[in-house]
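Here is what each chain is made of, one letter per residue.
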Amino acid sequence: MTETKSYETIAANVAAVRETMCKAAQGAGRDPAEITLVAATKVQTSETIRNAIRAGITVCGENRVQELVGHLEDNAYEGAKVHFIGHLQTNKVKFVVGKVDMIESIDSQHLMDAVEKQAAKVGVTQEILLEVNIGDEASKGGAGREEILTLAQHACQCPHLRLRGLMCIPPATATEEENRAFFQETYQLFVDMKEKLGDNGPNIDCLSMGMSGDYPLAIEGGSTMVRVGTALFGARPPWHPHG
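The following refers to the structure shown. All values reported here derive from a predicted model rather than from experimental measurement.

**Quick look at the overall build of the protein**
So, point 1. In terms of regular secondary structure, the protein is built from eight helices and eight strands.
So, point 2. Expected size for 243 residues packed as a compact globule is a radius of gyration near 18 Å; at 17 Å, the protein falls within 12% of this value.
So, point 3. Expressed as a percentage of the 243 residues in the protein, the buried residues total 49%.
So, point 4. Contacts spanning at least 24 positions in sequence make up 61% of the contacts within the protein whose residues lie at least 6 apart.
So, point 5. Accessible area of the protein: about 11100 Å², with a carbon and sulfur share of 49%.
So, point 6. Averaged over its 23 positive side-chain charges, the protein has a centre that lies 5 Å from the centre of its 32 negative ones.

Below you can see the structure in the form of structure tokens.
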């Protein structure tokens, strides 16, 4: 874990990020109110998370199950929603389903079925996004573009899941122009999926794209949720789970 960030520091950063979001939205002819800021709280202390919520953060995004569990025990997220935004293994599903408002990183039918089974067991309807591997990176999670519609149709057959949309993470090495293309492509997948799901289409309203380095471009490309960590909390130190 990193050291606790002060309320004043976070509040100033939240204001700066929101101003940038607003300008990006207005530049694209969009209403800034339709874009949600998700604070990516990886390696942050429970007190830092509380300070972020005091500073107006309404959604926290957690990458690691171990940290999620610890922060839930600390009641650190009180007053905000929680999204799970990292890679989720099927054997960790029980720690996440019903504990978070949304899982943004569903990338296979196997994982989806595990989430459905656990949601049924605990009696909840779990909101999910499908993660698309838009850069076709072998090292990264996410479903291939060609798998998205099949996964979406499967999700609609799962009574304890509510599919809300897509999430993507373009390659870290992408240039601005490449990023712009990746975001446009994900937006098109989102629109096509919504159209092809027919009666289930109206539920599809979330497009989670953009992080600290590229969220203005993502907003220009149609994102409805940006996942921002470094721009709110500063550079992350290395993570030592047992240190």
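**Topic: the state of the cysteines**
So, point 1. Using the criterion set out here, one finds zero disulfides in the structure.
So, point 2. Here C156 is not disulfide-linked; the sulfur of C158 is the nearest cysteine sulfur, at 8.8 Å.
So, point 3. C156 gets classed as partly exposed once you look at its relative accessible area, which sits at 27%.
So, point 4. On the basis of relative accessible area, C158 is assigned to the buried category, the value being 7%.

**Focus on the packing of aromatic side chains**
So, point 1. Per the stated rule, a full pass over the model turns up one aromatic pair.
So, point 2. Judged by centre distance (6.4 Å) and plane angle (35°), the rings of Y187 and F190 are tilted. Residue Y187 and its partner F190 are located together in helix α6 (residues 176-196), separated by three residues, close to a single helical turn.
So, point 3. What makes F190 buried here is its relative accessible area of 8%.
So, point 4. The ring of Y7 has R54 sitting right over it, with the charged end atom 4.1 Å from the ring centre.

**Quick word on the pattern of salt bridges**
So, point 1. Tallied over the entire structure, the rule returns 14 salt bridges.
So, point 2. Between D136 and R145 there is a salt bridge, and its shortest N-O distance comes to 2.9 Å.
So, point 3. In this structure, R145 engages E185 in a salt bridge whose closest nitrogen and oxygen atoms are separated by 2.3 Å. In this pair, R145 is assigned in the loop between β5 (126-132) and α5 (148-156) and E185 in helix α6, connecting sequence segments 40 residues apart.
So, point 4. One salt-bridge network, held together by shared partners, links E127, R162, R164 and D205.

**Describing the packing of helix α4 (residues 109-122) against α5**
So, point 1. Running from N to C, α4 and α5 point in directions that differ by 15°, and their axes come no closer than 11 Å. Classified by the angle their axes make, α4 and α5 are roughly parallel. Crossing angle aside, the handedness with which α4 passes α5 is right-handed. Side by side, α4 and α5 meet where Q109, M112 and D113 of the first sit next to L151, H154 and A155 of the second.
So, point 2. Residue classes in the contact of α4 with α5 are distributed as three nonpolar, two polar and one charged.

**A word on the environment of F190**
So, point 1. Residues F190 and V132, 58 residues apart in the sequence, show an inter-C-alpha distance of 10 Å.
So, point 2. Ignoring sequence-local partners within four residues, the contact set of F190 consists of G165, L166, I204, D205, C206 and L207.

Parameters at a glance
- Residues numbered from 1 in each chain as written.
- Predicted model: local features only at pLDDT ≥ 70, side-chain atom pairs only at ≥ 80, totals over all residues.
- Heavy atoms only, no water.
- Helix = DSSP H or I, 4+ residues; strand = E, 2+ residues; numbered from the N terminus.
- Rg over C-alpha atoms; globule rule 2.2 N^0.38 Å.
- Buried < 20%, exposed > 50% of the residue type's maximum accessible area, 1.4 Å probe, protein only.
- Contact = heavy atoms within 4.5 Å.
- Areas by Shrake-Rupley, 256 points an atom, 1.4 Å probe, with all protein chains shown as cover.
- Lys, Arg positive; Asp, Glu negative; His and termini not counted.
- Charge placed at Lys NZ, Arg CZ, Asp CG, Glu CD.
- Disulfide = S-S within 2.5 Å.
- Phe/Tyr/Trp six-rings, centres within 6.5 Å; stacked < 30°, edge-to-face > 60°.
- Lys NZ or Arg CZ within 6 Å of the ring centre and 35° of its normal.
- Salt bridge = Lys/Arg side-chain N within 4 Å of Asp/Glu carboxyl O.
- Axes fitted to C-alpha atoms, helices over the stretch in contact; angles between N-to-C directions.
- Parallel < 35°, antiparallel > 145°, perpendicular 65-115°, else oblique.
- Left-handed = near helix turned anticlockwise from the far one by under 90°.
- Nonpolar A, V, L, I, M, F, W, Y, C, P; charged D, E, K, R; others polar.

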